[in-house]
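Analysis of the macromolecular model
Chain by chain, the residues run as shown.
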Amino acid sequence: MKTDQIGKPTNRVDGRLKVTGEAKYAGEFNVPNLAYGVVVNSAIAKGKIKKIDTSKALELNGVLEVFTHENRPGYVWFDKNYKDMDAPPGSPFRPLYDNEVKFSMQPIALAVAETFELARYAASLVQVEYEAAPHDTDFEANIERAYVPEEYNSGEPPEPWGKPDEALANAAVKLEGAYTHSSQHHNPMEMHASTVVWEEDSKLTVYDKIQGVMNTHQYIIHAFSMQPEEVHVISPFVGGAFGSGLRPQYQLFLAVLAARELKRSVRITLTRQQMFSFGHRPKTAQRFSLGASKDGKLEALKQDVFAETSRFEDYSEDVVIWPGVLYNVKNAKLTHKLVGLDVYTPLDMRAPGGTTGIFALECAMDELAFKLGMDPIEFRLKNYSEKDQNEDKPFSSKELRECYRQGAEKFGWEKRNPEPRSMREGHNLIGWGMAHGAWEANQAEASAKAVLEPDGKLTVSSATADIGTGTYTVMTQIAAETLGLPLEDVIFKLGDSSLPDAPLEGGSKTVSTVGTAVKSVCNKVREKLFELAQQVADSPLTHAKFVDITFEDGQIRLKNDPFKAVSIAAALNQNQGKAIEEEVSSKPADGQSDYARYAHSATFVEVKVDEDLGTVKVTRVVSAIAGGRIINPKTARSQILGGVVWGIGVALEEDTVMDNNLGRFMNHDLDKYHIPVNADVHDVEVIFVEEHDSIVNPLGAKGLGEIGIVSVAPAIANAVFHATGKRVRELPITLDKLL
Ligand code: MOS
């Protein structure tokens, strides 16, 4: 029997630790003599701190210190130009740097005490006098002042192609639409936390919630002028992050500061309310102008995007790249401008730019198809893109047609009556809508190490993360399959800055990036084992070549003569009781960038809209995904399910409301910031269509962290139109907009 691991719906190797509570998160590492920090956040959105009085807090027995800009040590922020691994252009926010307030809920003080409760009480006693300055958080009012950033960190608009204005003027059928949504905030289950352990030799062991320990490591070294070997960052488990953990957050800085100053271990865990005090999906407004011929050929497309950013960093994301990827359009012009506001810098949030850009694009296309009297799938097939027009590159693979076909069949799309308000069930209007989407299938550089012990147990490691996506599991599968070992004999280690270098877990590229390094390092071990196998007495492999060998079931075997084999155990015996150790760095293959590399999706949705109440229920979702080779269908399905659930939130619920008078997000908790609960999620079906891709990486896997969300919100919005005949271009689609 073969031990094929790739493609098996393997349970999470860390599942047991997680459900038994043994998996430890950043705020759960207990050490003796731990002190607790609680952060004080600014009550104003802009201005100066005139006076900050910590004396009442300090009077309490058990309060160790209150840190503010006035008493923070001078050695911090030595390297003012340092930018973390996910920083956009600009000047990163530096907590407690001076008395300036740049956004509401800015951290302005840290109370540290013997217990959490005492620290929280002490924080409440800190008295602050502000000199408020006029703030401006009004996105709509500032659209006219939007600017083109000097540098885009992401989402730089491609050069216009064709003659969009002329083509638009001459188009037989036209559509104009403006699509908007407000800011949205990350709400992973685990709040951001850092436990900083003060070691006897003044070194720090830091448990941090982060999507890549190397970022935390680099950040601490630069912010505190420390040596690399003085800081050890550990982050074995992350309770979801979705982009919120790409950049080191302020609790990390403050906990390190306090630990160093007090020479004590310190923990800070942010509250759910404080999760709304840093980073969010930026509010955007998008204007589309589309032109098509009478028979439904897309002739012209213009997309103008306005997105919020802070005053100190120019955050931009991939909002305008999607028309060129998803449609064949001869003439196009795309722009992306930023609106600077007195808010914290926006932050990557699951499929940054794709979730919002594809929402608007796919709603506009649905409107256009309706105007043309075309079925939405027929319209998309008519305008199917065979190459990425942004960069004029062929796709490495693209099985989107198969997503339409299999998705539509499973959903029963052919039974759809195209007429809005034509399908009903009692007082419920039934709507069927669809949309398609894409997400980048990138690969970056990463390193991995493999140690095969004399007893046949393999440990593979890399400083990557598992933010809940299943990294532990799929890397174990890849390593086990490459060496023909049972899963139980393989351990994968991650989340430790002493391990070989790896990038942040973000951008749906971990399987592609770290998976390639794992496969590559295990291949090195294979080579070594093969050499040893040839040295075994009377080895049947003496004259074999490496390419003729396979590793299966603990055996090193001739492919075309399976009876000629040496066991891995026998080969290891030749190594004089030593382990085999290999380390590699892997990077994208030459020529990879000649291709546009994307995963694709087609999502079909049924909604039921109560005609009297305007409530929307998403009763059925079929999501068909072309994501290359699926390493683990079980964890892969979970990724897509999560994307669908979040898509429901984006379409119908999520909405951080800014009070422009106060310059403050008002609904900063899960009572008033709504996300889908079980009652909002009904029948969800995931299909993975077969797709082979030898260009994206040696595994052929495209990454699934983000493709699951992108086409869900527009499919819901399009279904709502089909149900009600009402086009809502502003997310979320709440009942007031439907009555
Ligand atoms: Mo993600 S927004 O790439 O963590």
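Residues numbered from 1 in each chain as written. Predicted model: local features only at pLDDT ≥ 70, side-chain atom pairs only at ≥ 80, totals over all residues.

Thoughts on the overall build of the chain
Broken down by element type, the chain carries 16 helices and 30 strands. Against the 2.2 N^0.38 benchmark of 27 Å for 739 residues, the chain shows a C-alpha radius of gyration of 27 Å, consistent with a compact globule. For the chain, the spread of C-alpha atoms along the principal axes amounts to about 80 × 75 × 50 Å. Burial statistics for the chain: of 739 residues in total, 55% are counted as buried. Here the contacts in the chain between residues at least 6 apart in sequence split such that 83% fall between residues at least 24 apart. (Helix = DSSP H or I, 4+ residues; strand = E, 2+ residues; numbered from the N terminus. Rg over C-alpha atoms; globule rule 2.2 N^0.38 Å. Buried ≥ 20, exposed ≤ 12 C-beta atoms within 10 Å, placed from the backbone. Contact = placed C-beta atoms within 7 Å.)

Some words on the nonpolar core
Formed by 219 residues in total, the largest nonpolar core has its most connected members in Ala111, Val256, Val460, Ala479, Ile625 and Ile716. Leaving out residues up to four positions away in the same chain, Ala111 has contacts with Gly37, Val38, Val40, Ala57, Val63, Val66, Ala119, Ala122, Ala123 and Val126. (Core = buried A, V, L, I, M, F, W, Y, C linked by C-beta atoms within 7 Å.)

Notes on the pairing of strand 27 (residues 616-626)
With nine of its 11 residues buried, strand 27 lies for the most part within the structure. Of the strand pairs in this sheet, strand 26 (residues 598-610) and strand 27 are connected by 10 bridges, and their pairing is antiparallel. In the sheet register, Ser601 faces strand 27, and the bridge partner there is Ile625. Linking two consecutive strands that pair antiparallel, namely strand 26 and strand 27, is a turn of five residues; a positive phi of about 75 degrees is found at Gly614 within it. Here strand 27 pairs with strand 30 (residues 683-688) via six bridges, running parallel. Considered in strand 30, the bridge of Ile625 is made with Phe688. (Pairing = 2+ DSSP bridges.)

A look at the sheet that holds strand 23 (residues 555-558)
Spatial strand order, 22-23-24: three strands in an open sheet with antiparallel pairing. Edge strands, defined here as strands with exactly one partner in the open sheet, are strand 22 (549-552) and strand 24 (561-567). Averaged over all pairs of adjacent strands, the angle between strand axes in this sheet comes to 35 degrees, irrespective of strand direction. In this structure, strand 22 lies alongside strand 23, joined through four bridges in antiparallel fashion. Paired with Thr550 across the bridge in strand 23 is Arg557. Across the sheet, helix 12 (residues 510-535) touches strand 22, strand 23 and strand 24, and the angle it forms with strand 23 is around 75 degrees. (Axes fitted to C-alpha atoms, helices over the stretch in contact; angles between N-to-C directions.)

Quick look at the sheet that holds strand 3 (residues 63-67)
One open sheet holds the seven strands; their spatial order is 3-5-1-11-8-9-10, and the pairing between them is mixed. On the outer flanks of this sheet lie strand 3 and strand 10 (231-234), each paired with one strand and no other. Direction aside, neighbouring strands of the sheet carry axes that sit 20 degrees apart on average. Pairing between strand 3 and strand 5 (residues 107-113): four bridges, direction antiparallel. Bridged to Val66 within strand 5 is Ala111. The strands touched by helix 5 (residues 213-223) are strand 9 (204-208) and strand 10; relative to strand 10, the strand with the most contacts, the crossing angle is about 150 degrees. Across the sheet, helix 6 (residues 250-262) is in contact with strand 1 (34-41), strand 3, strand 5, strand 8 (193-198), strand 9 and strand 11 (265-269); its angle to strand 11 comes to roughly 160 degrees.

Side note on the pairing of strand 21 (residues 490-493)
Of the two faces of strand 21, the one holding Val490 and Phe492 is buried and the one holding Ile491 and Lys493 is not buried anywhere. Taken together, the four bridges between strand 20 (residues 458-461) and strand 21 define a ladder with parallel strand orientation. Looking at the pairing, Leu458 lines up with Val490 of strand 21. A crossover links strand 20 with its parallel partner strand 21, the connecting element being helix 11 (residues 471-483), and its sense is right-handed. (Right-handed = clockwise from strand over helix to strand, strands pointing away.)

A short note on the domain arrangement of the chain
Interfaces are often sized by the amount of accessible area the parts lose when they come together. Per the domain assignment, the segments of the chain are domain 1 (26-134 + 188-271), domain 2 (280-442 + 593-737) and domain 3 (444-587). Taken residue by residue, the interface counts 21 residues in domain 1 and 15 residues in domain 3. Broken down by element, the side of domain 1 that touches domain 3 gets its largest block of residues, four residues, from helix 5. Among the residues making up the side of domain 1 that touches domain 3, the classes are represented as 10 nonpolar, 10 polar and one charged. (Domains from an automatic or database assignment. Nonpolar A, V, L, I, M, F, W, Y, C, P; charged D, E, K, R; others polar.)

Some points on the packing of helix 14 (residues 633-652) against helix 16 (residues 712-724)
As a packed pair, helix 14 and helix 16 sit with axes 8 Å apart at the nearest point and diverge in direction by 50 degrees. Looking at the two axes, helix 14 sits oblique to helix 16. Relative to helix 16, helix 14 is oriented so that their crossing is right-handed. On the side of helix 14, the interface is formed by Gly643, Val644, Gly647, Ile648, Val650, Ala651 and Leu652, while helix 16 contributes Val712, Ala713, Ile716 and Ala717. A per-class count over the contact of helix 14 with helix 16 returns nine nonpolar, two polar and no charged. (Parallel < 35°, antiparallel > 145°, perpendicular 65-115°, else oblique. Left-handed = near helix turned anticlockwise from the far one by under 90°.)

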